[in-house]
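What follows is the residue order along each chain.
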Amino acid sequence: MPTIITPDICDAFPGVQVVEPLFANFGGMDAFHGAARTIKCFEDNSLVKQAVAEAGNGAVLVVDAGGSPRCAMLGDMLAEQAVENGWAGIVMYGCVRDVDVLATLPLGVQALGSHPRKSEKRGEGQRDITLSFAGVTISPDDWLYADNNGILIADHELALDQR
């Protein structure tokens, strides 16, 4: 597996989109990448729960939670399920919780912050749609590359050096 170093990727592929620097690492994997699977929901993580229960096949779940600071959209139980089902990572445009547990899991997790309150469960939201937040547009099957330097979006898998 190639080493993900986003500054090097930016240098080699200047056309990649760069997500605004709003996110922090909460998962046990500092660097991760994969094809994007998208969800748009607001203060309701029903579709997140549904997605992580499915085979991830090395994909990254990208969730536009509206940037809400009022509740967490991912916690330890859903993150553990994501690991069990082969997801490479989760990027949450919103908050997460159970951060001490998230940090021990072999899963990339980037989010805006942490919040102790859980979300609602109303079954609302949309899956597999194009998302726009933090200065980028992300479509299903775009490729996401993330590390401690930031998050990048490419419209195809990039040929990275094996290091």
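These numbers come from a predicted model, not from an experiment.

1. Describing the side chain of Glu-43
Reasoning step 1: Relative to the assigned elements, Glu-43 resides in the loop between β3 (32-40) and α2 (46-52).
Reasoning step 2: Judged by its relative accessible area of 15%, Glu-43 is buried.
Reasoning step 3: Within the local environment of Glu-43, its side chain forms a polar contact with the side chain of Arg-70, the two groups lying 2.6 Å apart.

2. What about the state of the cysteines?
Reasoning step 1: Per the stated rule, a full pass over the model turns up zero disulfides.
Reasoning step 2: Residue Cys-41 stays outside any disulfide, its sulfur separated by 9.1 Å from that of Cys-71, the closest cysteine.
Reasoning step 3: According to the relative accessible area criterion, Cys-41 is buried, its value standing at 6%.
Reasoning step 4: Unpaired in terms of disulfides, Cys-71 finds its nearest cysteine sulfur in Cys-95, a separation of 7.6 Å.
Reasoning step 5: Judged by its relative accessible area of 5%, Cys-71 falls in the buried class.

3. Observations concerning the pattern of salt bridges
Reasoning step 1: Within the structure shown, the criterion is met by six salt bridges.
Reasoning step 2: Note that Arg-70 is salt-bridged to Glu-43, the shortest N-O span being 2.6 Å. Here Glu-43 lies in the loop between β3 and α2 and Arg-70 lies in the loop between β4 (60-64) and α3 (76-84), a separation of 27 residues in the sequence.
Reasoning step 3: With a shortest N-O distance of 3.2 Å, Glu-124 and Arg-122 are connected by a salt bridge.
Reasoning step 4: The class for Arg-122 is partly exposed, based on a relative accessible area of 42%.

Here is what the cut-offs are and how they apply
- Residues numbered from 1 in each chain as written.
- Predicted model: local features only at pLDDT ≥ 70, side-chain atom pairs only at ≥ 80, totals over all residues.
- Heavy atoms only, no water.
- Helix = DSSP H or I, 4+ residues; strand = E, 2+ residues; numbered from the N terminus.
- Buried < 20%, exposed > 50% of the residue type's maximum accessible area, 1.4 Å probe, protein only.
- Polar contact = N/O pair within 3.5 Å; in protein donor to acceptor, adjacent residues only side chain to side chain.
- Disulfide = S-S within 2.5 Å.
- Salt bridge = Lys/Arg side-chain N within 4 Å of Asp/Glu carboxyl O.

Fair warning: the whole summary comes from geometry, so function is off the table for now.
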